Amino acid sequence: MYTIATSEAYFDGLRVTFVGNEGVLLTAGDKKILIDAIFQVGLPVEIQDLLVNADPPFDAVDLILVTHEHADHFDAGMLQQHLQNNPHATVVSTSQVADRLLEYKDRVISLNASEGITDQMEVTGIQVKAIYLTHGRYSGGAINFGY
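A short tour of the structure in this document, coming up.

About the thresholds
Residues numbered from 1 in each chain as written. Predicted model: local features only at pLDDT ≥ 70, side-chain atom pairs only at ≥ 80, totals over all residues. Heavy atoms only, no water. Helix = DSSP H or I, 4+ residues; strand = E, 2+ residues; numbered from the N terminus. Rg over C-alpha atoms; globule rule 2.2 N^0.38 Å. Contact = heavy atoms within 4.5 Å. Lys, Arg positive; Asp, Glu negative; His and termini not counted. Charge placed at Lys NZ, Arg CZ, Asp CG, Glu CD. Pairing = 2+ DSSP bridges. Axes fitted to C-alpha atoms, helices over the stretch in contact; angles between N-to-C directions. Salt bridge = Lys/Arg side-chain N within 4 Å of Asp/Glu carboxyl O. Buried < 20%, exposed > 50% of the residue type's maximum accessible area, 1.4 Å probe, protein only.

The next subject is the overall build of the chain. When helices and strands are tallied, the chain shows three helices and ten strands. Walking the chain from its N terminus toward its C terminus, one meets helices and strands in the order β-β-β-β-α-β-α-β-α-β-β-β-β. For 147 residues, the compact-globule formula gives about 15 Å, and the C-alpha radius of gyration of the chain, at 14 Å, lands near that figure. Within the chain, contacts between residues separated by at least 24 positions form 51% of all contacts whose residues are at least 6 apart in sequence. Side chains of the chain carry 8 positive and 19 negative charges; the gap between the two charge centres is 3 Å.

Shown next as structure tokens:
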């Protein structure tokens, strides 16, 4: 079994585990949230395997948030494998990400934040609020959210 050699921090009952690049696993009580953590670019194969197989600590993830569709934040094939192995998870993201996960559309929610307008909803008992953000000069047309 592979042990994740990452950083962890604790804040008022919230555990934050660094996965790679901008990816984190948030754990609060019995809820687990992955943010921008299912991707290949620069992530060790052992961590990729844990993610796609939904093995600990990535088992029983309730919510997966993806800020945008760039390869260092999101890999559609890997996320589809995780969803197959974790029938409990729901994905929340942009319409661009949702369009790449059509096979799991019943478990993928596209929020519609835009400049100056947030979008929010409750998903699996977790309040999610999307804020539209610019990505800078390298956006490549990607819609980008903060949560």
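That shown, we press on.
Let us look at the sheet that holds strand β7 (residues 108-110). Pairing between the strands of a sheet comes from backbone hydrogen bonds, and it takes one of two forms, parallel or antiparallel. The strand order across the open sheet formed by seven strands is β1-β2-β3-β4-β5-β6-β7, and the pairing between neighbours is mixed. For this open sheet the edge positions go to β1 (8-11) and β7, each flanked by a neighbour on one side alone. Across the sheet, the mean angle from the axis of one strand to that of its neighbour is 20 degrees, orientation sign disregarded. Bridge count for strand β2 (residues 14-20) against strand β3 (residues 23-28) is six bridges, and the pairing is antiparallel. Of the residues in β3, the one forming a bridge with Thr17 is Leu25.

Across all of its chains, the model carries two salt bridges by this definition. Ionic pairing is found between Lys32 and Asp59, a salt bridge with its closest N-O pair at 2.9 Å. Here the residue Lys32 occupies a position in strand β4 (residues 31-35), and Asp59 occupies one in the loop between α1 (45-53) and β5 (63-65), the gap between them amounting to 27 residues. Accessibility expressed as a relative area gives 28% for Asp59, which makes it partly exposed. Between Arg100 and Glu69 there is a salt bridge, with the nearest N and O atoms lying 3.7 Å from each other. One end of the pair, Arg100, is in the loop between α3 (95-98) and β7; the other, Glu69, is in the loop between β5 and α2 (76-85), and 31 residues separate them in sequence. According to the relative accessible area criterion, Glu69 is partly exposed, its value standing at 24%.

Scope: geometric values only; no functional claims are made or implied.
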